[in-house]
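What follows is the residue order along each chain.
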Amino acid sequence: MTLRDFLSAKAVTLCFLLLGALLSGACLLFVGGGTALMALTELFFTSVTVSWLFASFFLERQRLRQLNRLIEELPQKYLLGEILPKPANAVEKKYYEAMRAVSSSAIGAVEAAKRDKEDYCDYVESWIHEIKTPLTACSLILSNNGDVRKLKRELKRADNLTESILYYARLRTAEKDTQIRQVHAAAVIEEAVKSQAEILIASKVCVDVQGDFAIYTDAKSLCFILKQLLINSANYCPGCRINILAKDRKITVEDNGIGIADYDLPRVTERGFTGSNGRRRGRSTGMGLYIVSELCCRLGIQFQIESEKDRFTRVTLSF
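Attention here is on the structure that accompanies the text. What you see as residue numbers is a count from 1 along each chain, following the sequence as written. Restriction of local features to residues with pLDDT of at least 70 applies here, the model being predicted, together with a cutoff of 80 or more for giving and counting side-chain atom pairs; totals for whole chains, interfaces and linings are based on all residues. Excluding hydrogens and water, the side-chain figures rest on all heavy atoms present in the structure.

1. Focus: the pattern of salt bridges
So, step 1. The working definition used for a salt bridge is a side-chain nitrogen of Lys or Arg within 4 Å of a carboxyl oxygen of Asp or Glu. Considering all chains together, one arrives at 11 salt bridges under this definition.
So, step 2. Of the charged contacts, one joins Arg-271 and Asp-119 as a salt bridge, the two residues approaching to 3.0 Å between their closest N and O atoms. Here Asp-119 lies in helix H5 (residues 90-143) and Arg-271 lies in the loop between strand E5 (250-255) and helix H11 (275-281), a separation of 152 residues in the sequence.
So, step 3. Buried residues are those whose accessible area, probed at 1.4 Å on protein chains only, stays under 20% of the maximum for their type, while exposed residues exceed 50% and partly exposed ones sit between those limits. Owing to a relative accessible area of 32%, Arg-271 belongs among the partly exposed residues under this scheme.
So, step 4. With a closest N to O distance of 3.4 Å, Glu-190 and Lys-194 form a salt bridge. In this pair, Glu-190 and Lys-194 are both assigned in helix H8 (residues 185-195), 4 residues apart and thus about one turn of the helix distant.
So, step 5. By relative accessible area, which is 44% here, Glu-190 ends up partly exposed.
So, step 6. Each of Asp-116, Asp-119 and Arg-271 takes part in salt bridges that share partners, so that together they form one network. Where helices and strands are cited, they refer to DSSP runs of H or I of at least four residues and of E of at least two residues respectively, numbered from the N terminus.

This is the structure:
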């Protein structure tokens with residue numbers, strides 16, 4: 001900061017001081033104080049004002065230099081609000097509080113972005129390990145005369161895993177890929193069941209579908225949600241029966257499989273949570289129901305899951 005910049009900032013204050021000096025001199029002359037007393041008073045007033053100006057200039061320049069050093073030496077600029085010098089007056093206090101609020105918000109955003117990046121990297125790593133299984137199975141099938149049905153089943157598993165990671169990546173910009181239009185629940189359910197036929201047959205899962213209604217939603221996302229529910233039943237409950245009912249603007253998907261433990265049920269939609277069933281299964285990314293719940297939230301679909309250990313698992317999608 002230059003002296004000129006400082007004086008420009010103090011221009012209003014200096015105008016009032018000059019006006020005060022002129023008024024005090026005029027008062028002294030009016031009461032008969034004489035020109036000598038007036039000159040002495042004006043000189044004293046001027047000396048004090050100049051001294052105050054220079055002292056303020058050097059102090060403020062020193063504070064600004066200290067602030068510039070902080071800015072230059074701080075690698076993460078968003079942390080500046082946390083280390084700002086204490087304010088010297090009421091106006092500075094308000095700016096100080098504003099900077100602290102901005103800095104705190106920025107820190108929260110950065111930490112959230114870091115966690116999101118770490119979670120994404122963890123999911124990609126687990127996804128890579130998981131997709132190796134169907135790819136390895138495909139290689140073994142091809143090297144052993146190539147059973148077409150088994151090959152299709154493993155390719156479908158690989159396709160499902162690829163679709164899952166694509167939907168997870170799109171969660172950040174889901175609105176760009178969403179197309180809301182009128183669809184019939186039965187048609188979407190039929191598409192989801194057909195797409196998973198190989199896996200359902202291999203797991204000896206029987207599916208019964210009833211009912212229909214028209215809704216406005218994104219058909220692709222709804223189909224993905226239903227496919228994830230079917231895949232979960234096939235993976236965790238081979239040999240079970242799945243009943244899908246579309247009625248009263250609700251789609252209910254229920255199986256009579258192993259169910260979910262009471263202590264796991266509140267957490268099944270958390271990102272990366274596998275639960276006791278997933279740990280016993282030995283290979284699970286714990287992302288399927290998380291992606292489903294996030295898509296439901298974005299589409300305005302109420303997602304509800306109920307379960308009783310060794311009896312049933314019921315998922316209700318309310319539109």
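2. Considering H8
So, step 1. Buried residues of H8: Ala-185, Val-188, Ile-189, Ala-192, Val-193 and Ser-195, and no others. One face of H8 carries all of its buried residues, which in axial projection span an arc of 165 degrees. Taking the helix axis as origin, the arc is that swept by the directions to the C-beta atoms.

3. Quick notes on the sheet that holds strand E6 (residues 302-308)
So, step 1. In this scheme, strands are said to pair when DSSP sees at least two bridges between them. Strand order in the open sheet formed by 5 strands is E2-E4-E5-E7-E6, and the pairing between neighbours is mixed. The sheet is open, and its two borders are formed by strand E2 (206-211) and E6, each paired with just one other strand. For this sheet the average axis-to-axis angle between neighbouring strands, irrespective of direction, equals 10 degrees. Whenever a helix is involved, its axis is fitted only over the stretch in contact; in every case the axis is a line through C-alpha atoms, and angles between N-to-C directions fall within 0 to 180 degrees.

By themselves these figures say nothing about function.
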